[in-house]
Structures are given as C-alpha cells and as structure tokens.
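# Secondary and tertiary structure notes
Here is what each chain is made of, one letter per residue.
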Amino acid sequence: PNILAIYDFGTDRGCTYAAMELLEGGSLREALGAGALPARKAVEYAAQVAGGLAAAHDKGIVHRDLKPENLFLTRDGQMKILDFGLAVQQLPGGGDSTVLPDVAATALHTSAGLILGTVGYMAPEQACAQKVDHRADIFSLGCVIFEMLTGLRAFQRDSAPETLTAILREEPPAMTATSPPVAPALERLVFHCLEKRPDDRFQSARDLAFALQALSGQTTASG
C-alpha cells in the first residue's frame, strides 16, 4: 500500500503508457514547504515509507533515488513511494545488480563509475559510484526523516561537490538543538540511518520500521 500501484502497461498508436492508481494530495516536498513537520507525523510517515521499502527490498529491488520529491502524501495521510526510474534489482544470492527494464535504455549510455541518484540524499557508497544494496535506501530515508523533523537538509552545502564531500566526511548537525528540539532517542535513530558505513546502519528497512513504530508513542511531547 505504500508503493504507487501500476495496473497495466501498453502501447497505443506508437505511444507507450502505464496505467497507475490515481493519487490525490501532494509530494512530501510540498508538505515541507512550510518547514518541519510535527514529530508525531514525521515518525508516522517515515514508518510508512520504511514499510514500503521493506516490500521492495523483499523483491530484491533497491530504489536508489529516495527523496521528498519521490514521496507522495495522499489526502488521507498515506505515504506512497514513486519513481523507480533508477532502481536496480539484486540477483539471487547477492550477485551483481541488474538494471530494471524501464531504465535499460538509459543504462546503455552510462559508463562504469557514473554516479546515479540525487545529491544530498545519496549514500556515501552511492556518491563514490560503488556497488549499492538496500542499505543505501536506508541512508536516503534517514536524510528524509532528518528533513521532516528539522526542516533542514542533513548535508546541504553551497554546491554539489561540497554536498558530496559532506556526505562522505562530515556528520549532520545535532537535531536536539532545533526548535522544537528532537527527542534524543529519535535523533539516535536518524543518525543510525546516516552512518557512513553500510554495516553500521539499520540492516533492513523492516527493522527500521519496527524501531519507528516503537518510538511513535514517545513523540507526543515534541510533536
């Protein structure tokens, strides 16, 4: 339920189309236009996104471009993950990734070492054009949660190269000093998502979803 449903593909008079569910609402980017969200809402939305990622990861699919523009908030408060245009599918047994069919044409024109993703939300291994797995999506979701809670981007700098350097070498600013302050337990969860080394992060989106649900009852005072 937290991934945009596609019902059919087809071609009509030379035009290829996808029939998708109709969504009413707006992107998370639009919702963040007024600044940070209440902590309770941010945790609720993050848990939904983590649940959607867990479903994709269970199928071996890594999104690789999770950001507020690719998250849709419906009028009834449901989060939907959109745009799997940069996604890859992991081969059984942990083999090399294969590019999904909808981006195969793009892949033909890329070269080894090309950075794919959005600056400011990509994991360090992604920024280094290394092989990525589902834990790169967990880092990206950590960036999104940071932004929902603070209204600020975790690694925003004046230029793309400076932002990439920050992702690789710097820690995000403390969240407990924001207004309103973020609860220490919630800050620890976000920073756990934003660890530089994949092995140091949450190891599954499902574990992250459980951790967020466990915190959902502790955010009333700050949200």
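Structure first, text after, so check above.
Residues numbered from 1 in each chain as written. Predicted model: local features only at pLDDT ≥ 70, side-chain atom pairs only at ≥ 80, totals over all residues. Heavy atoms only, no water.

## A few points about the nonpolar core
Counting 55 residues, the largest nonpolar core has Leu 141, Met 148, Leu 149 and Leu 208 as the members making the most contacts within it. Secondary structure elements with two or more residues in this core: α2 (39-58), β5 (71-74), β6 (79-81), α5 (134-150), α6 (160-169), α7 (184-193) and α8 (205-215). A total of 11 residues in this core trace back to one element, the largest contributor, which is α2. Discounting residues that sit within four places of it in the chain, Met 148 has contacts with Leu 28, Leu 32, Ala 36, Leu 37, Ala 42, Tyr 45 and Ala 46. (Core = buried A, V, L, I, M, F, W, Y, C linked by side-chain atoms within 4.5 Å. Buried < 20%, exposed > 50% of the residue type's maximum accessible area, 1.4 Å probe, protein only. Helix = DSSP H or I, 4+ residues; strand = E, 2+ residues; numbered from the N terminus. Contact = heavy atoms within 4.5 Å.)

## So, the pairing of strand β1 (residues 6-12)
Here β1 pairs with strand β2 (residues 15-20) via 6 bridges, running antiparallel. Within β2, the position partnered with Asp 12 by the bridge is Cys 15. (Pairing = 2+ DSSP bridges.)

## Structural notes on the environment of Leu 86
Counting through the fold element by element, Leu 86 comes out in the loop between β6 and β7 (88-90). Judged by its relative accessible area of 22%, Leu 86 falls in the partly exposed class. When the C-alpha atoms of Leu 86 and His 63 are compared, they prove to be 6.5 Å apart, with 23 residues separating the residues in sequence.

## Some thoughts on the packing of aromatic side chains
Using the criterion set out here, one finds 1 aromatic pair in the structure. Note on Phe 139 and Phe 155: the rings are 5.9 Å apart at their centroids and 15° apart in plane angle, and the pair reads as stacked. With Phe 139 in helix α5 and Phe 155 in the loop between α5 and α6, this pair connects stretches of sequence that are 16 residues apart. The pair formed by Phe 139 and Phe 155 is uniform in burial state, with each residue classed as buried. (Phe/Tyr/Trp six-rings, centres within 6.5 Å; stacked < 30°, edge-to-face > 60°.)

## Examining the pairing of β5
Along β5, one buried face is formed by Leu 71 and Leu 73 and the opposite face, lined by Phe 72 and Thr 74, is buried too. Bridge count for strand β3 (residues 25-27) against β5 is 3 bridges, and the pairing is antiparallel. Across the sheet, the residue bridging to Ser 27 is Phe 72, located in β5. Pairing of β5 with β6 involves 3 bridges; the strand directions are antiparallel.

## Notes on the state of the cysteines
Taken as a whole and assessed by the stated rule, the structure comprises 0 disulfides. Unpaired in terms of disulfides, Cys 143 finds its nearest cysteine sulfur in Cys 193, a separation of 9.2 Å. (Disulfide = S-S within 2.5 Å.)

## Some thoughts on the pattern of salt bridges
Considering all chains together, one arrives at 15 salt bridges under this definition. The residue Arg 29 makes a salt bridge to Glu 69 at a minimum N-O spacing of 2.8 Å. Taken together, the residues Arg 29 in helix α1 (residues 28-31) and Glu 69 in the loop between β4 (61-62) and β5 connect sequence positions 40 residues apart. Three or more residues joined by partner-sharing salt bridges are found here, namely Asp 133, Arg 135, Arg 197, Asp 199 and Asp 200. (Salt bridge = Lys/Arg side-chain N within 4 Å of Asp/Glu carboxyl O.)

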